[in-house]
Amino acid sequence: MPSDDLFAEARRQLTICNSCRYCAGYCPVWPALELQTDLERADLTHLANLCHDCGDCLSACMYAPPHEFAVDPPKAFTAIREDTYRRYTWPHRAPGRAATGIAFTAASLVLALLSLLSTRRPFIVARSAGDPYEILPHTPLLLAVGAPSVWALAVLGRAALGYWRDIHGPVTDLFRPRGWAATLTQAARLRHMTGGGAGCEVPGRRGFHLVLLYGFGLCVLSTTAAAYLQNVLGTQPPYGYLSIPVISGSAGGIAMIVGGTGLWLRGGGTGFLWALLVLAASGMLTLLLRETVAFGPLLLLHVAAVAVAFAISPYTKFTHWIFRLLSMHHDNLERRKG
(Lines give C-alpha, C1' and ligand atoms only; values in the text may rest on other atoms or scores of the structure.)
Protein backbone atom coordinates (compact mmCIF):
# COMPACT_ATOMS: atom_id res chain seq x y z
CA MET A 1 0.00 0.00 0.00
CA PRO A 2 1.40 3.47 -0.87
CA SER A 3 2.54 5.51 2.10
CA ASP A 4 -0.20 8.17 1.80
CA ASP A 5 -2.92 5.50 1.57
CA LEU A 6 -1.41 3.70 4.54
CA PHE A 7 -1.65 6.73 6.79
CA ALA A 8 -5.10 7.67 5.46
CA GLU A 9 -6.41 4.20 6.35
CA ALA A 10 -4.82 4.36 9.82
CA ARG A 11 -6.37 7.80 10.36
CA ARG A 12 -9.80 6.45 9.36
CA GLN A 13 -9.59 3.53 11.77
CA LEU A 14 -8.27 5.56 14.70
CA THR A 15 -10.98 8.18 14.23
CA ILE A 16 -13.48 5.38 14.88
CA CYS A 17 -11.40 4.20 17.85
CA ASN A 18 -11.33 7.71 19.29
CA SER A 19 -15.12 7.84 19.12
CA CYS A 20 -15.55 4.43 20.73
CA ARG A 21 -12.73 4.34 23.36
CA TYR A 22 -13.74 0.87 24.49
CA CYS A 23 -10.03 -0.03 24.73
CA ALA A 24 -9.06 3.04 26.78
CA GLY A 25 -7.63 0.96 29.62
CA TYR A 26 -5.80 -1.62 27.50
CA CYS A 27 -2.50 0.15 26.89
CA PRO A 28 -1.03 3.70 26.65
CA VAL A 29 -1.90 3.98 22.94
CA TRP A 30 -5.55 4.77 23.59
CA PRO A 31 -5.12 7.48 26.27
CA ALA A 32 -2.46 9.01 23.99
CA LEU A 33 -4.90 8.87 21.06
CA GLU A 34 -7.54 10.63 23.14
CA LEU A 35 -5.23 13.67 23.42
CA GLN A 36 -5.09 14.04 19.62
CA THR A 37 -7.61 16.20 17.81
CA ASP A 38 -6.02 16.07 14.35
CA LEU A 39 -3.99 12.97 13.56
CA GLU A 40 -0.94 14.05 11.59
CA ARG A 41 1.58 11.63 10.12
CA ALA A 42 3.96 12.15 13.07
CA ASP A 43 1.14 11.42 15.55
CA LEU A 44 0.24 8.19 13.76
CA THR A 45 3.91 7.17 13.64
CA HIS A 46 4.26 7.80 17.38
CA LEU A 47 1.12 5.79 18.22
CA ALA A 48 2.18 2.90 15.98
CA ASN A 49 5.54 2.61 17.72
CA LEU A 50 4.01 3.05 21.16
CA CYS A 51 1.94 -0.05 20.34
CA HIS A 52 3.63 -3.30 21.42
CA ASP A 53 1.40 -5.46 19.19
CA CYS A 54 -0.19 -7.50 21.99
CA GLY A 55 -3.40 -7.77 19.93
CA ASP A 56 -5.81 -7.45 22.87
CA CYS A 57 -7.58 -4.44 21.37
CA LEU A 58 -8.44 -6.37 18.20
CA SER A 59 -9.80 -9.30 20.22
CA ALA A 60 -12.12 -6.96 22.11
CA CYS A 61 -13.09 -4.70 19.19
CA MET A 62 -16.73 -4.78 18.13
CA TYR A 63 -15.82 -3.13 14.80
CA ALA A 64 -13.10 -5.58 13.80
CA PRO A 65 -13.45 -7.52 10.52
CA PRO A 66 -15.81 -8.81 9.22
CA HIS A 67 -17.64 -5.68 10.43
CA GLU A 68 -18.04 -3.14 7.63
CA PHE A 69 -15.84 -0.64 9.53
CA ALA A 70 -12.94 -3.18 9.31
CA VAL A 71 -11.07 -1.70 12.28
CA ASP A 72 -7.77 -3.55 12.78
CA PRO A 73 -5.31 -1.29 14.67
CA PRO A 74 -2.56 -3.94 15.11
CA LYS A 75 -2.41 -4.47 11.34
CA ALA A 76 -2.41 -0.73 10.62
CA PHE A 77 0.23 -0.08 13.28
CA THR A 78 2.45 -2.88 11.96
CA ALA A 79 2.39 -1.37 8.47
CA ILE A 80 3.28 2.09 9.85
CA ARG A 81 6.14 0.64 11.91
CA GLU A 82 7.55 -1.00 8.79
CA ASP A 83 7.30 2.38 7.07
CA THR A 84 9.16 3.87 10.06
CA TYR A 85 12.05 1.42 9.71
CA ARG A 86 12.41 2.31 6.02
CA ARG A 87 11.98 6.04 6.46
CA TYR A 88 14.43 6.75 9.29
CA THR A 89 17.31 4.41 8.42
CA TRP A 90 19.62 4.50 5.43
CA PRO A 91 19.75 2.64 3.13
CA HIS A 92 16.06 1.93 3.30
CA ARG A 93 16.02 -1.71 2.23
CA ALA A 94 16.31 -4.52 4.79
CA PRO A 95 18.38 -7.60 3.87
CA GLY A 96 16.48 -10.86 3.65
CA ARG A 97 17.56 -14.32 4.75
CA ALA A 98 19.39 -15.03 1.49
CA ALA A 99 21.36 -11.78 1.62
CA THR A 100 22.18 -12.40 5.27
CA GLY A 101 23.43 -15.89 4.44
CA ILE A 102 25.62 -14.56 1.61
CA ALA A 103 27.06 -11.85 3.88
CA PHE A 104 27.78 -14.43 6.58
CA THR A 105 29.56 -16.74 4.12
CA ALA A 106 31.61 -13.86 2.69
CA ALA A 107 32.59 -12.62 6.16
CA SER A 108 33.65 -16.14 7.21
CA LEU A 109 35.88 -16.53 4.14
CA VAL A 110 37.47 -13.09 4.61
CA LEU A 111 38.22 -13.82 8.26
CA ALA A 112 39.71 -17.22 7.37
CA LEU A 113 41.98 -15.50 4.83
CA LEU A 114 43.01 -12.85 7.39
CA SER A 115 43.78 -15.62 9.88
CA LEU A 116 45.99 -17.41 7.37
CA LEU A 117 47.84 -14.23 6.38
CA SER A 118 48.29 -13.12 10.00
CA THR A 119 49.35 -16.39 11.59
CA ARG A 120 50.96 -18.17 8.62
CA ARG A 121 49.34 -21.37 9.85
CA PRO A 122 46.95 -23.41 7.69
CA PHE A 123 43.49 -24.51 8.77
CA ILE A 124 43.32 -21.92 11.55
CA VAL A 125 44.82 -24.06 14.31
CA ALA A 126 45.85 -22.43 17.60
CA ARG A 127 49.11 -23.32 19.33
CA SER A 128 47.58 -22.43 22.71
CA ALA A 129 44.14 -23.91 23.38
CA GLY A 130 41.39 -21.32 23.71
CA ASP A 131 43.49 -18.25 22.83
CA PRO A 132 41.55 -16.23 20.23
CA TYR A 133 44.61 -14.18 19.26
CA GLU A 134 46.31 -17.37 18.12
CA ILE A 135 43.60 -17.56 15.47
CA LEU A 136 43.11 -13.90 14.65
CA PRO A 137 45.38 -11.18 16.11
CA HIS A 138 43.90 -8.40 18.23
CA THR A 139 43.79 -5.66 15.57
CA PRO A 140 41.98 -7.62 12.82
CA LEU A 141 39.63 -9.07 15.44
CA LEU A 142 38.86 -5.61 16.82
CA LEU A 143 38.22 -4.22 13.34
CA ALA A 144 35.98 -7.14 12.37
CA VAL A 145 33.70 -6.47 15.34
CA GLY A 146 34.28 -2.75 15.91
CA ALA A 147 33.67 -1.40 12.41
CA PRO A 148 30.13 -2.88 12.04
CA SER A 149 29.32 -1.80 15.60
CA VAL A 150 30.35 1.82 14.99
CA TRP A 151 28.39 1.86 11.72
CA ALA A 152 25.28 0.48 13.40
CA LEU A 153 25.50 3.02 16.23
CA ALA A 154 25.90 5.89 13.75
CA VAL A 155 22.89 4.78 11.66
CA LEU A 156 20.72 4.18 14.75
CA GLY A 157 21.77 7.51 16.30
CA ARG A 158 20.83 9.40 13.15
CA ALA A 159 17.50 7.56 12.97
CA ALA A 160 16.74 8.22 16.64
CA LEU A 161 17.38 11.97 16.36
CA GLY A 162 15.26 12.30 13.22
CA TYR A 163 12.43 10.30 14.76
CA TRP A 164 12.49 12.29 18.01
CA ARG A 165 12.38 15.61 16.15
CA ASP A 166 9.32 14.47 14.22
CA ILE A 167 7.26 13.05 17.09
CA HIS A 168 8.37 15.39 19.88
CA GLY A 169 10.38 18.40 18.74
CA PRO A 170 13.22 19.73 20.95
CA VAL A 171 16.20 17.39 20.95
CA THR A 172 17.28 18.81 24.33
CA ASP A 173 14.34 17.03 25.99
CA LEU A 174 15.90 13.75 24.95
CA PHE A 175 18.93 14.34 27.20
CA ARG A 176 17.08 15.51 30.30
CA PRO A 177 16.69 12.94 33.10
CA ARG A 178 12.98 13.54 33.68
CA GLY A 179 10.77 10.68 32.61
CA TRP A 180 13.59 8.28 31.79
CA ALA A 181 13.21 6.22 34.98
CA ALA A 182 9.61 5.36 34.09
CA THR A 183 10.50 4.75 30.43
CA LEU A 184 13.37 2.37 31.16
CA THR A 185 11.34 0.50 33.78
CA GLN A 186 8.49 -0.03 31.30
CA ALA A 187 10.94 -1.16 28.63
CA ALA A 188 12.76 -3.58 30.94
CA ARG A 189 9.45 -5.25 31.84
CA LEU A 190 7.87 -4.98 28.37
CA ARG A 191 4.91 -3.69 30.32
CA HIS A 192 2.99 -2.44 27.31
CA MET A 193 2.90 -5.95 25.83
CA THR A 194 0.55 -7.09 28.59
CA GLY A 195 -2.41 -5.23 27.04
CA GLY A 196 -5.41 -5.04 29.30
CA GLY A 197 -4.01 -7.63 31.69
CA ALA A 198 -4.89 -10.67 29.59
CA GLY A 199 -1.37 -10.84 28.18
CA CYS A 200 -0.13 -10.96 24.60
CA GLU A 201 -2.44 -12.72 22.16
CA VAL A 202 0.55 -14.77 20.93
CA PRO A 203 1.31 -17.13 23.85
CA GLY A 204 4.85 -16.87 25.15
CA ARG A 205 5.96 -14.01 22.90
CA ARG A 206 6.50 -11.51 25.73
CA GLY A 207 8.40 -14.10 27.75
CA PHE A 208 10.69 -15.04 24.85
CA HIS A 209 11.28 -11.35 24.11
CA LEU A 210 12.39 -10.82 27.71
CA VAL A 211 14.65 -13.89 27.68
CA LEU A 212 16.29 -12.73 24.44
CA LEU A 213 16.64 -9.16 25.74
CA TYR A 214 18.32 -10.13 28.99
CA GLY A 215 20.43 -12.76 27.26
CA PHE A 216 21.77 -10.09 24.91
CA GLY A 217 22.46 -7.87 27.93
CA LEU A 218 24.46 -10.65 29.61
CA CYS A 219 26.53 -11.09 26.45
CA VAL A 220 27.28 -7.36 26.44
CA LEU A 221 28.33 -7.69 30.11
CA SER A 222 30.60 -10.60 29.17
CA THR A 223 32.32 -8.59 26.42
CA THR A 224 32.70 -5.55 28.70
CA ALA A 225 34.17 -7.65 31.51
CA ALA A 226 36.63 -9.31 29.13
CA ALA A 227 37.71 -5.91 27.78
CA TYR A 228 38.26 -4.67 31.36
CA LEU A 229 40.30 -7.72 32.31
CA GLN A 230 42.47 -7.40 29.23
CA ASN A 231 42.93 -3.64 28.84
CA VAL A 232 42.84 -2.50 32.48
CA LEU A 233 44.05 -5.46 34.55
CA GLY A 234 46.31 -6.89 31.86
CA THR A 235 44.82 -10.40 32.06
CA GLN A 236 44.83 -12.04 28.65
CA PRO A 237 42.36 -14.66 27.39
CA PRO A 238 41.42 -17.46 27.62
CA TYR A 239 39.54 -16.89 30.88
CA GLY A 240 38.56 -19.59 33.36
CA TYR A 241 35.17 -21.24 33.38
CA LEU A 242 34.30 -19.49 36.66
CA SER A 243 35.30 -16.01 35.45
CA ILE A 244 32.76 -13.23 34.92
CA PRO A 245 33.15 -13.16 31.11
CA VAL A 246 32.57 -16.92 30.79
CA ILE A 247 29.70 -17.17 33.30
CA SER A 248 27.80 -14.16 31.95
CA GLY A 249 28.52 -15.08 28.33
CA SER A 250 27.35 -18.66 28.83
CA ALA A 251 24.13 -17.61 30.56
CA GLY A 252 23.54 -14.95 27.92
CA GLY A 253 24.19 -17.34 25.03
CA ILE A 254 21.78 -19.94 26.39
CA ALA A 255 19.13 -17.28 26.99
CA MET A 256 19.53 -15.91 23.45
CA ILE A 257 19.15 -19.37 21.95
CA VAL A 258 16.02 -20.07 24.02
CA GLY A 259 14.46 -16.65 23.41
CA GLY A 260 15.41 -16.48 19.72
CA THR A 261 14.16 -19.99 19.00
CA GLY A 262 10.87 -19.26 20.78
CA LEU A 263 10.32 -16.11 18.72
CA TRP A 264 11.28 -17.93 15.52
CA LEU A 265 8.71 -20.64 16.15
CA ARG A 266 6.08 -17.96 16.78
CA GLY A 267 6.52 -16.43 13.37
CA GLY A 268 9.32 -13.97 14.10
CA GLY A 269 11.85 -15.49 11.71
CA THR A 270 13.93 -12.70 10.13
CA GLY A 271 17.44 -12.40 8.77
CA PHE A 272 18.54 -10.59 11.92
CA LEU A 273 17.02 -13.18 14.26
CA TRP A 274 18.75 -15.88 12.22
CA ALA A 275 22.07 -14.02 12.64
CA LEU A 276 21.49 -13.73 16.40
CA LEU A 277 20.82 -17.44 16.71
CA VAL A 278 23.97 -18.30 14.75
CA LEU A 279 25.89 -15.80 16.88
CA ALA A 280 24.70 -17.35 20.15
CA ALA A 281 25.09 -20.98 19.04
CA SER A 282 28.58 -20.46 17.58
CA GLY A 283 29.62 -18.60 20.74
CA MET A 284 28.52 -21.49 22.96
CA LEU A 285 30.26 -24.05 20.73
CA THR A 286 33.42 -21.94 20.70
CA LEU A 287 33.49 -22.02 24.49
CA LEU A 288 32.66 -25.72 24.82
CA LEU A 289 35.20 -26.81 22.19
CA ARG A 290 37.92 -24.25 22.84
CA GLU A 291 40.46 -26.95 23.74
CA THR A 292 39.89 -28.90 20.51
CA VAL A 293 40.89 -28.43 16.86
CA ALA A 294 37.38 -27.14 16.19
CA PHE A 295 38.10 -23.96 18.18
CA GLY A 296 39.63 -22.00 15.28
CA PRO A 297 36.88 -22.53 12.68
CA LEU A 298 34.17 -21.99 15.29
CA LEU A 299 35.77 -18.76 16.49
CA LEU A 300 35.86 -17.36 12.95
CA LEU A 301 32.24 -18.38 12.38
CA HIS A 302 31.30 -16.65 15.65
CA VAL A 303 33.15 -13.44 14.76
CA ALA A 304 31.55 -13.48 11.30
CA ALA A 305 28.10 -13.85 12.89
CA VAL A 306 28.81 -10.92 15.24
CA ALA A 307 29.99 -8.72 12.37
CA VAL A 308 27.00 -9.56 10.14
CA ALA A 309 24.43 -9.20 12.93
CA PHE A 310 25.74 -5.77 13.91
CA ALA A 311 26.11 -4.61 10.30
CA ILE A 312 22.55 -5.49 9.27
CA SER A 313 20.85 -4.61 12.57
CA PRO A 314 19.88 -1.01 11.61
CA TYR A 315 18.02 -2.26 8.51
CA THR A 316 15.89 -4.89 10.21
CA LYS A 317 13.03 -5.00 12.70
CA PHE A 318 15.73 -4.90 15.38
CA THR A 319 15.37 -1.12 15.20
CA HIS A 320 11.87 -1.40 16.68
CA TRP A 321 13.37 -1.09 20.16
CA ILE A 322 14.75 2.40 19.65
CA PHE A 323 11.54 3.80 18.11
CA ARG A 324 9.39 2.16 20.77
CA LEU A 325 11.65 3.47 23.50
CA LEU A 326 11.45 7.03 22.16
CA SER A 327 7.67 6.82 21.75
CA MET A 328 7.35 5.57 25.32
CA HIS A 329 9.53 8.43 26.54
CA HIS A 330 7.53 10.98 24.56
CA ASP A 331 4.33 9.54 26.02
CA ASN A 332 5.69 9.75 29.57
CA LEU A 333 6.74 13.37 29.04
CA GLU A 334 3.28 14.21 27.73
CA ARG A 335 1.69 12.51 30.74
CA ARG A 336 3.88 14.55 33.07
CA LYS A 337 2.72 17.72 31.36
CA GLY A 338 -0.90 16.62 31.74
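Before going into details, it helps to say that this report is about the structure given with it. (Residues numbered from 1 in each chain as written. Predicted model: local features only at pLDDT ≥ 70, side-chain atom pairs only at ≥ 80, totals over all residues. Heavy atoms only, no water.)

This next bit is on the overall build of the protein chain. Check the secondary structure of the protein chain and you find 13 helices and zero strands. If you list the helices and strands of the protein chain from N to C, you get α-α-α-α-α-α-α-α-α-α-α-α-α. Seen along its three principal axes, the alpha-carbon backbone of the protein chain occupies a region of about 70 × 40 × 35 Å. By the burial criterion, 46% of the 338 residues in the protein chain qualify as buried. When the accessible surface of the protein chain is totalled, it reaches about 16900 Å², and 66% of it is carbon and sulfur. (Helix = DSSP H or I, 4+ residues; strand = E, 2+ residues; numbered from the N terminus. Buried < 20%, exposed > 50% of the residue type's maximum accessible area, 1.4 Å probe, protein only. Areas by Shrake-Rupley, 256 points an atom, 1.4 Å probe, with all protein chains shown as cover.)

Below, the discussion takes up the pattern of salt bridges. Going through the model one piece at a time under the given rule, you end up with nine salt bridges. Here Arg81 ties to Asp53 by a salt bridge, and the two come within 3.9 Å at their closest N and O atoms. Taken as a pair, Arg81 in helix H5 (residues 73–88) and Asp53 in the loop between helix H3 (41–50) and helix H4 (56–60) lie far apart in primary sequence, 28 residues in all. In this structure, Asp331 engages Arg335 in a salt bridge whose closest nitrogen and oxygen atoms are separated by 2.8 Å. (Salt bridge = Lys/Arg side-chain N within 4 Å of Asp/Glu carboxyl O.)

Our focus in this paragraph is the side chain of Asn332. Topologically, Asn332 is positioned in helix H13 (residues 320–337). With residues up to four places along the chain from it excluded, the contact list for Asn332 reads Gly179, Ala182, Thr183 and Gln186. (Contact = heavy atoms within 4.5 Å.)

Quick look at the packing of H5 against H13 now. Look at H5 against H13: their axes get within 10 Å of each other, and the N-to-C directions meet at 105 degrees. The angle between H5 and H13 falls in the class roughly perpendicular. Of the residues in H13, those touching H5 at Arg81, Thr84, Tyr85 and Tyr88 are His320, Phe323 and Arg324. When grouped by side-chain class, the residues that make up the contact of H5 with H13 number three nonpolar, two polar and two charged. (Axes fitted to C-alpha atoms, helices over the stretch in contact; angles between N-to-C directions. Parallel < 35°, antiparallel > 145°, perpendicular 65-115°, else oblique. Nonpolar A, V, L, I, M, F, W, Y, C, P; charged D, E, K, R; others polar.)

With that settled, the discussion passes to a nonpolar patch on the surface. Side chains of Leu113, Leu116 and Leu117 sit close together on the surface and give an oily, nonpolar patch of about 270 Å² of accessible area. A relative accessible area of 49% places Leu113 in the partly exposed class. (Patch = residues over 30% accessible without salt bridge, like charges linked within 9 Å, V, L, I, M, F, W, Y side chains within 5 Å.)

Here we take up the nonpolar core. Within the largest apolar cluster, 28 residues are counted, with the highest numbers of intra-cluster contacts made by Leu111, Leu212, Met256, Leu279 and Val303. Elements with a contribution of two residues or more to this core: helix H6 (97–119), helix H7 (138–167), helix H9 (205–231), helix H10 (244–268), helix H11 (271–288) and helix H12 (295–312). It is H12 that contributes the most residues to this core, ten residues altogether. When residues no more than four places from it in sequence are discounted, the contact partners of Leu279 are Met256, His302, Ala305, Val306 and Ala309. Residues Phe7, Cys17, Val29 and Cys51 belong to the second largest nonpolar core, which totals 24 residues. (Core = buried A, V, L, I, M, F, W, Y, C linked by side-chain atoms within 4.5 Å.)

Structurally, Ala76 is set in helix H5. A relative accessible area of 11% places Ala76 in the buried class. A sequence separation of 67 residues divides Ala76 from Glu9, and the C-alpha atoms of the two residues are 7.6 Å apart. Excluding its chain neighbours within four sequence positions, the residues that come into contact with Ala76 are Leu6, Ala10 and Gln13.

To continue, consider the packing of aromatic side chains. Tallied over the full model, the rule gives eight aromatic pairs. Taking the centre distance of 6.3 Å and the plane angle of 35 degrees together, the rings of Trp30 and Phe77 count as tilted. Here Trp30, found in helix H2 (residues 29–34), pairs with Phe77, found in helix H5; they are 47 residues apart in sequence, far enough to count as distant. By the burial criterion, Trp30 is buried, and Phe77 matches it. Measuring from centroid to centroid gives 5.2 Å for Tyr63 and Phe69, while their planes differ by 40 degrees, and the two rings are tilted. (Phe/Tyr/Trp six-rings, centres within 6.5 Å; stacked < 30°, edge-to-face > 60°.)

Side chains three or four residues apart in an α-helix point the same way, a direct result of the helix having 3.6 residues per turn. Taking 1.5 Å of rise per residue, 16 residues should cover 22 Å, and H5 covers 22 Å from first to last C-alpha, within 8% of that figure. Among the residues of H5, those classed as buried are Pro73, Pro74, Ala76, Phe77, Ile80, Arg81, Asp83, Thr84, Tyr85 and Tyr88. (Expected span 1.5 Å × (residues − 1).)

That's the geometry; what it means functionally is another story.
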